[in-house]
Amino acid sequence: MNTFSVKAFGAESKEADLKEMNIERREIAANDVEIEILYCGVCHSDLHTARNDWGGTKYPSVPGHEIVGKITKVGSDITKFQVGDLAGVGCIVDSCGHCDSCKQDLEQYCENGFTGTYNGKDTHLGGHTFGGYSQKVVVDAGHVLKVPANLDLAAVAPLLCAGITTWSPLKHWNVSAGSKVAVIGLGGLGHMAIKLAKGLGAEVTLFSRTPGKMEDAKKLGADHVVISTDDSQMATVQRKFDLIIDTVPYDHDVNPYITTLNINGTLVLVGFIGKMEEALATPPMIMGRRAVAGSVIGGIAETQEMLDFCGEHNIVSEIEMIKMQDINEAYERMLKSDVRYRFVIDMQSLS
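Report follows, based on the coordinates. Along every chain, residues carry numbers that run from 1 in the direction the sequence is written. Per-residue local features of the predicted model are confined to residues with pLDDT of at least 70, and side-chain atom pairs are confined, for both listing and counting, to 80 or more; whole-chain, interface and lining totals are unaffected and use all residues. Hydrogen atoms and water are omitted, and side-chain values are computed over all heavy atoms in the structure.

1. Some remarks on the overall build of the chain
Along the backbone of the chain there are eleven helices and 17 strands. At 20 Å, the chain has a C-alpha radius of gyration in line with the 20 Å of a compact globule built from 351 residues. Looking at the chain residue by residue over its 351 residues, the buried ones come to 54%. Note on definitions: a residue-residue contact is assigned when non-hydrogen atoms from the two residues lie within 4.5 Å. Here the analysis covers contacts within the chain between residues at least 6 apart in sequence; of these, 67% occur between residues at least 24 apart. Carbon and sulfur atoms form 48% of the exposed surface of the chain, whose accessible area is close to 15000 Å². Here the chain holds 32 positive side-chain charges and 45 negative ones, and the gap between their average locations is 3 Å. Secondary structure is summarised from DSSP: a helix means a run of H or I of at least four residues, a strand means a run of E of at least two, and numbering begins at the N terminus for each. The globule rule used here is 2.2 Å times the number of residues to the 0.38 power, and the radius of gyration it is set against is calculated over C-alpha atoms. Throughout, exposure labels follow a simple rule: accessible area from a 1.4 Å probe, protein chains only, divided by the maximum for the residue type, with under 20% read as buried, over 50% as exposed, and the rest as partly exposed. In these tables, accessible area is a Shrake-Rupley quantity obtained with a 1.4 Å probe, and a residue counts as shielded only by the protein chains included in the view. Counted charges follow a simple rule, with Lys and Arg positive, Asp and Glu negative, and His plus the chain ends left uncounted. Working definition for charges: the position is that of NZ of Lys, CZ of Arg, CG of Asp or CD of Glu.

2. A closer look at the packing of helix α4 (residues 162-172) against helix α10 (residues 300-313)
Axis lines are fitted to C-alpha atoms, over the contacting stretch for helices. Their N-to-C directions set the angle, which ranges from 0 to 180 degrees. The geometry of α4 relative to α10 is characterised by a closest axis approach of 10 Å and an angle of 100 degrees between their N-to-C directions. Classified by the angle between their axes, α4 and α10 sit roughly perpendicular to one another. Facing α4, whose interface residues are Gly-163, Ile-164, Trp-167, Ser-168 and Lys-171, α10 presents Glu-302, Thr-303, Glu-305, Met-306 and Phe-309. An angle counts as roughly parallel when it lies under 35 degrees, as roughly antiparallel when it exceeds 145, as roughly perpendicular when it falls between 65 and 115, and as oblique in every other case.

3. Some points on the pattern of salt bridges
When the charged atoms of two side chains lie near each other, side chains of opposite charge can form a pair. Here, a salt bridge means any side-chain nitrogen of Lys or Arg that lies within 4 Å of a carboxyl oxygen of Asp or Glu. Considering all chains together, one arrives at twelve salt bridges under this definition. Across the salt bridge formed by Lys-195 and Glu-318, the nearest N and O atoms sit 2.5 Å from each other. Separated by 123 residues along the polypeptide, Lys-195 in helix α5 (residues 188-199) and Glu-318 in the loop between α10 and β16 (319-323) bring together distant segments of the chain. Residue classification places Glu-318 among the partly exposed residues on the basis of a relative accessible area of 33%. Taking the shortest distance from any N to any O, the salt bridge between Glu-320 and Arg-333 comes out at 2.8 Å. Here Arg-333 lies in helix α11 (residues 327-335) and Glu-320 lies in strand β16, a separation of 13 residues in the sequence. Where salt bridges share partners, they join Glu-320, Arg-333 and Asp-338 into one cluster.

4. Examining a negative patch on the surface
A surface patch of like charges, here negative, comprises Asp-251, Asp-253, Glu-277 and Glu-278. Within the secondary structure layout, Glu-277 lies in the loop between β14 (261-269) and α9 (283-286). By relative accessible area, which is 59% here, Glu-277 ends up exposed. Two joining distances apply to patches: 9 Å for like charges and 5 Å for nonpolar side chains (Val, Leu, Ile, Met, Phe, Trp, Tyr), and every residue must have over 30% relative accessible area and no salt bridge.

5. A closer look at the environment of Gly-97
Turning to its location among the elements, Gly-97 is positioned in the loop between β6 (92-94) and α2 (100-103). Sequence separation between Gly-97 and Glu-203 is 106 residues, and the spatial gap between their C-alpha atoms is 37 Å. The contacts of Gly-97, once residues within four sequence positions are left out, are Cys-102 and Lys-103.

6. Describing the pairing of β14
DSSP calls a pair of strands paired once it identifies at least 2 bridges connecting them. With five bridges connecting them, strand β13 (residues 241-246) and β14 associate as parallel partners. In the strand pairing of β14, Phe-241 is matched with Leu-261.

7. As for the packing of α4 against α5
For the pair α4 and α5, the least separation of the axes is 8 Å and the interaxial angle reads 50 degrees. Classified by the angle between their axes, α4 and α5 sit oblique to one another. Crossing handedness for the pair α4 and α5: right-handed. Each of Ala-162, Gly-163, Thr-165, Thr-166, Trp-167 and Leu-170 in α4 lies in contact with α5, whose residues at this interface are Gly-188, Leu-189, Met-192, Ala-193, Leu-196 and Ala-197. For the contact of α4 with α5, the residue count by class is eight nonpolar, four polar and no charged. Left-handed describes a crossing whose near helix is turned anticlockwise from the far helix by less than a right angle; the clockwise case is right-handed. Residues are grouped as follows: Ala, Val, Leu, Ile, Met, Phe, Trp, Tyr, Cys and Pro are nonpolar; Asp, Glu, Lys and Arg are charged; all remaining types, including Gly, are polar.

Quick look at the structure:
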């Protein structure tokens, strides 16, 4: 298969800073589109993968799965897209297409394993996939998304991971007007959960450990803020919530939140990947038919639904724009939660 070279930013090892490098992209096939990347969001998963925090990173590692750009070439079989169209690519660039999950448009749960936008198995060139910290990407058109033209393109990029990660549970648990939703944690995921839940008509509460985020939460659309370390405030929201979206990215005790769920309520984990050390107390779950669940990103159809909804309701992420050359500093700031609320790379800085 013919290839072409593009500039990218990646890590050669888990100890190495990200730096400029060249990578190979495949020339488009009949079902492909080529996208010039204009903006790429920066996700915690990028950092964890580059530094091999979860194990299994293949090097060189070029992260980035919140991609927004402009289509520059289309394959001969493509009718859905044209050159010049705005397009997005999220966390998935391929899946088997025939398992039960894929048949339900749940590619994120592909029984044969979806192909990640980076660090996945490259079925075209061999080796592994490279992400959006690069000038261009070539993707099967079935995994490419249409981006509403009325939105700020840079601020759209984080919707392709942070947005869909919180949209999917909101839709799965049927959040609508009148639903009572709480969000734990106000970061990249949390601020999108608030915006999207509010957009769906829910009454939204933020759980925060400190009062410092109260003003921001209200600006983002939260109706209430509850300080989770204040027992008296927690007492006022017992048996209240239909759904709690837990966006905290590290091990933490979820037990104090279980009793704030209403009968049949669910707390869904979307931020932490790993073993939780604190034992889950079952009596409040059993006595209220409450549940603790997990969720990850969303399928292609669901992601397009989310983008269309955001276009209709003018919902985008709150972002801080950076140059590609500032990515290592941005990673250090992310570790300190020093960003409101998502870094986005202006990929023109890589030209």
